[in-house]
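These are the residues of each chain, in order.
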Amino acid sequence: MQQRILFVVGALALAVITGVSGFFYGTSVGEARANQIRQTFFQERFGGAAASRDSSAMLPGMGQPASRSAVTGQVKSVNGNTIELSTRDSVIKVTVNDTTQITKLCAGTLDDVKTGERLVVQGDSDAGGTVTARSIQIAPDRGGSSQ
């Protein structure tokens, strides 16, 4: 009888250890997979340089060489083919050229960019921190939709 109790207790301990080990292994595999999916998403959407959660940290003038960038901010001004964009941390100059795509739920132009609107800009930044836009998306205002 005593051997049977020891056997049952040992089997239960082994089952608990196996279950806990499986749980922690599954959690670590799930986290690794989620990180891989997140990294792939940002690389496909913004290019390799913007694969971090805070793409503004990749801008030149903040300790990094010129690279592809994605910037989100509010339009401070539009002057010719230059947009000044206020981000959470600074003001970024965005240069628009003939190859820049501007979208606003439909095709857009530089004339659609108005002071006060929020933009998502993707492009290449130079050593001085100016981004040459490849595409610009005019984000809906917080009240629902963009003008």
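Structure first, text after, so check above.
Keep in mind that this is a model prediction, so the values were computed, not measured.

Draft legend 1. View of the overall build of the chain. Of the regular secondary structure elements, the chain holds 1 helix and 7 strands. Its helices and strands taken in sequence order, the chain reads α-β-β-β-β-β-β-β from the N to the C terminus. Counting all 147 residues of the chain, 27% fall into the buried class. Of the roughly 9,700 Å² of accessible surface on the chain, a fraction of 56% belongs to carbon and sulfur atoms.

Draft legend 2. Fine view of the pairing of strand β6 (residues 118–125). In terms of burial, β6 is largely enclosed, as 6 of its 8 residues are buried. Bridge count between β6 and strand β7 (residues 131–139): 8 bridges; the pairing is antiparallel. Residue pairing in the sheet places L119 in a bridge with I138 of β7. Where β6 folds back on β7, the antiparallel hairpin that results is connected by 5 residues, among which G129 adopts a positive phi of roughly 100 degrees.

Draft legend 3. Expanded view of the packing of aromatic side chains. Taken as a whole and assessed by the stated rule, the structure comprises 1 aromatic pair. A centroid spacing of 5.3 Å and a plane angle of 75 degrees characterise the contact between F23 and F24, whose relative ring orientation is edge-to-face. Each member of the pair F23 and F24 is classed as exposed.

Draft legend 4. The nonpolar core, seen in detail. Ranked by internal contacts, the top residues of the largest apolar core, which has 15 residues, are I83, L85, V94, V113, L119, V121 and I136. Broken down by secondary-structure element, the contributors of at least two residues to this core are β1 (68–79), β2 (82–86), β3 (91–95), β6 and β7. When sequence neighbours within four positions are dropped, the list of residues in contact with V94 reads N81, T82, I83, L85, V121, V131 and A133.

Draft legend 5. Here's a closer look at a nonpolar patch on the surface. The grouping of V16, V20, F23 and F24 at the surface amounts to a nonpolar patch, some 420 Å² of accessible area in total. If you trace the backbone, F23 turns up in helix α1 (residues 2–46).

Draft legend 6. Geometry of the pairing of β7. Pairing analysis gives 2 bridges linking β3 to β7, with the strands arranged parallel. Within β7, the position partnered with V94 by the bridge is V131. Alignment of strand β4 (residues 101–103) against β7, held across 3 bridges, turns out to be parallel. When the sheet's bridge partners are listed, Q101 is paired in β7 with S135.

Basis of the calculations
- Residues numbered from 1 in each chain as written.
- Predicted model: local features only at pLDDT ≥ 70, side-chain atom pairs only at ≥ 80, totals over all residues.
- Heavy atoms only, no water.
- Helix = DSSP H or I, 4+ residues; strand = E, 2+ residues; numbered from the N terminus.
- Buried < 20%, exposed > 50% of the residue type's maximum accessible area, 1.4 Å probe, protein only.
- Areas by Shrake-Rupley, 256 points an atom, 1.4 Å probe, with all protein chains shown as cover.
- Pairing = 2+ DSSP bridges.
- Phe/Tyr/Trp six-rings, centres within 6.5 Å; stacked < 30°, edge-to-face > 60°.
- Core = buried A, V, L, I, M, F, W, Y, C linked by side-chain atoms within 4.5 Å.
- Contact = heavy atoms within 4.5 Å.
- Patch = residues over 30% accessible without salt bridge, like charges linked within 9 Å, V, L, I, M, F, W, Y side chains within 5 Å.
- Salt bridge = Lys/Arg side-chain N within 4 Å of Asp/Glu carboxyl O.

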